[in-house]
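Understanding the architecture of this molecule
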Amino acid sequence: MAQAILLVGGFGTRLMPLTRNVPKPMLPVAGLPVTEHQLVTARRAGITSLVLATSYLSDVFIPYFGDGSRWGMHLQYAVEEEPLGTGGAIRNAAQLLTRDESIVIVNGDVLSSHDLTRQIQMHESLDADVTMHLTHVADARAYGCVPIDKDGRVAAFLEKMENPVANTINAGCYVFNSRVIDRIPAGKVVSIEREVFPELVDQGRALYGMVDDSYWIDIGTPAALLQGSIDVVRNTANSAVLDGVALVHRSQDYVAHEGAIIDPGAIITGGSAIGRAAHIGVGAIVDGSIICDGAKVLAGAHIRKSFVAAGTNVSGKLNVHDSYISTEEITSLLPL
Ligand code: GDD
Ligand code: MG
């Protein structure tokens, strides 16, 4: 058995305005919060004890996830009054976990189908300090660039560099030995990427990378969030999160959750996700979009590649693409 920390306290700045009232990890992907996707994935890898390291808009997690028993987990919450950074958050949350087992740490905005069980096994058989999941991307500039040697040992950790020296990047899932967590200063703002990892590499500690190029996405921008949702609906994400969930419709075109009412004269395509108790009227077109719980898309509206916030009534006259739509605003988003 292993234990885990999910880092869910960031501001989600690049997702504004979607994150104005909803923290990034609670945004729906295929109709379920990002964090729920991660709980299901963690549980499948044998993790039964998990801490949510929260800060920004922390209050919304507890009513939804409770004690975690619905997912077969023991869930605890570590709330930072002021965000402590990724390293500070790990140090703070680890106090709630046992020191005798490895600790898996996951960025709260990543959907990944990599083999976490193999990552934990690799870590334990090497008795490593940290074993991180690495993946390849075409452009590594927005990520932590992590060159490794022929044995998989991390040669450097270079967060967001202009001229990346490798295209293997930190995919945001680490297995830590608790002896390393104890070295992070307590009660301080610390970045795991900019401070702790470079320091550990300098000290010659045992940091390993496991390259696994399975489905992976960081949903940190509106376009990536929409893409992640489409990938889960169309099953290219290799996700089992919708298995056993109450749905009124499931196809490659769209999923619709419990209580949703879809007029037979509506056209829904492109891997859209329709939330609980949402309504889609006659003649409405919804393509490659996320319609949140309780939203109503009235007869005749056309919504493409867009995000409709929970409870919004979308007028039948609206014809938009690449937009965020809520009761208060319609804002253009960068296209997919
Ligand atoms: N609790 C807590 N407190 N969580 C935080 C804090 C904090 O102060 N700051 C950030 N987080 C959480 C975010 O909510 C997110 O889930 C995760 O830490 C990573 O932060 P991002 O802001 O999403 O970082 P990034 O995407 O720019 O870069 C990170 O992820 C990349 C992979 O997607 C880095 O880890 C990169 O090295 C990595 O390549
Ligand atoms: Mg991110």
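Figured I'd write up the structure that's included with this text. In this text the structure is predicted, and so the values were computed from the model without any measurement. (Residues numbered from 1 in each chain as written. Chains lettered and ligands numbered in written order. Predicted model: local features only at pLDDT ≥ 70, side-chain atom pairs only at ≥ 80, totals over all residues. Heavy atoms only, no water.)

**Some details on helix 1 (residues 34-44)**
Note the threshold: With a 1.4 Å probe rolled over the protein chains alone, any residue whose accessible area is under 20% of its type maximum counts as buried; one over 50% counts as exposed, and the rest are partly exposed. By definition, any uninterrupted DSSP run of H or I lasting at least four residues is a helix, any uninterrupted run of E lasting at least two residues is a strand, and each is numbered from the N terminus.
Across the 11 residues that make up helix 1, a large majority, 8, are buried. Turning to helix 1, its buried residues number three or more, namely Val-34, Thr-35, Glu-36, His-37, Gln-38, Leu-39, Val-40 and Ala-42.

**Quick look at the side chain of Ser-289**
Short version of the rule: Two N or O atoms count as a polar contact when they lie within 3.5 Å, although within protein this holds only if one can serve as hydrogen donor and the other as acceptor, and sequence-adjacent residues are included solely when both atoms are side-chain atoms. For this analysis, residues touch if any pair of their heavy atoms sits within 4.5 Å.
Topologically, Ser-289 is positioned in the loop between strand 20 (285-287) and strand 21 (290-291). A relative accessible area of 1% places Ser-289 in the buried class. There is a polar contact of 3.1 Å between the side chain of Ser-289 and the backbone nitrogen of Lys-305. Here Ser-289 is in contact with Leu-226, Ser-272, Ala-273, Ile-303, Arg-304, Lys-305 and Ser-306, once residues within four sequence places are set aside.

**Thoughts on the coordination of the magnesium ion (ligand 2)**
Our working definition: Each metal's donors are the N, O and S atoms found within 2.8 Å of it, except that Na, K and Ca use a 3.2 Å limit; water is left out, so coordination can look incomplete.
Coordination of the magnesium ion (ligand 2) by the protein involves Asp-109 (OD) and Asp-218 (OD), with metal-donor separations of 2.0 to 2.4 Å. On the criterion of sequence distance, the pair formed by Asp-109 in the loop between strand 6 (103-107) and strand 7 (110-112) and Asp-218 in strand 13 (residues 216-218) is long-range, its members being 109 residues apart. The burial state of Asp-109 is the same as that of Asp-218; both residues are buried.

**Comments concerning the sheet that holds strand 22 (residues 296-297)**
Test applied: Pairing between strands is defined by DSSP: at least two bridges between them are needed.
Read across the sheet, 4 strands follow the order 16-19-22-25 without closing on themselves; strand pairing throughout is parallel. Among the strands making up the open sheet, the edge pair consists of strand 16 (261-262) and strand 25 (313-314). Sheet topology note: the strand 19 (residues 279-280)/strand 22 ladder contains 2 bridges and is parallel. In the strand pairing of strand 22, Ile-280 is matched with Val-297.

**Some points on unusual backbone geometry**
Note: most peptide bonds trans; most residues except glycine with negative phi. Going from Met-16 to Pro-17, the amide bond is cis rather than trans, its omega being 0 degrees. One can find Pro-17 in the loop between strand 1 (2-7) and strand 2 (28-29). At Ala-30, a residue that is not glycine, the phi angle is positive and equals roughly 55 degrees. Within the secondary structure layout, Ala-30 lies in the loop between strand 2 and strand 3 (32-33). The class for Ala-30 is buried, based on a relative accessible area of 0%. Backbone geometry places Lys-305, a non-glycine residue, at a positive phi of 45 degrees. Mapped onto the secondary structure, Lys-305 falls in the loop between strand 23 (302-304) and strand 24 (307-308).

**Thoughts on the pattern of salt bridges**
Put simply, the rule is: Salt bridges are counted wherever a side-chain nitrogen of Lys or Arg sits within 4 Å of a carboxyl oxygen of Asp or Glu.
Going through the model one piece at a time under the given rule, you end up with 13 salt bridges. In this structure, Arg-179 engages Asp-127 in a salt bridge whose closest nitrogen and oxygen atoms are separated by 3.6 Å. Residue Arg-179 is located in helix 5 (residues 178-181), and its partner Asp-127 is located in the loop between helix 4 (116-126) and strand 8 (130-136); the two are separated by 52 residues in the primary sequence. One salt bridge in this structure joins Glu-162 and Arg-141, with 4.0 Å as the shortest N-O distance. Residue Glu-162 is located in the loop between strand 10 (158-159) and strand 11 (168-176), and its partner Arg-141 is located in the loop between strand 8 and strand 9 (144-145); the two are separated by 21 residues in the primary sequence. With a relative accessible area of 59%, Glu-162 lands in the exposed category. For Arg-141, a relative accessible area of 40% puts it in the partly exposed group. Through salt bridges with shared partners, a single ionic network connects Asp-127, Asp-129, Arg-179 and Arg-205.

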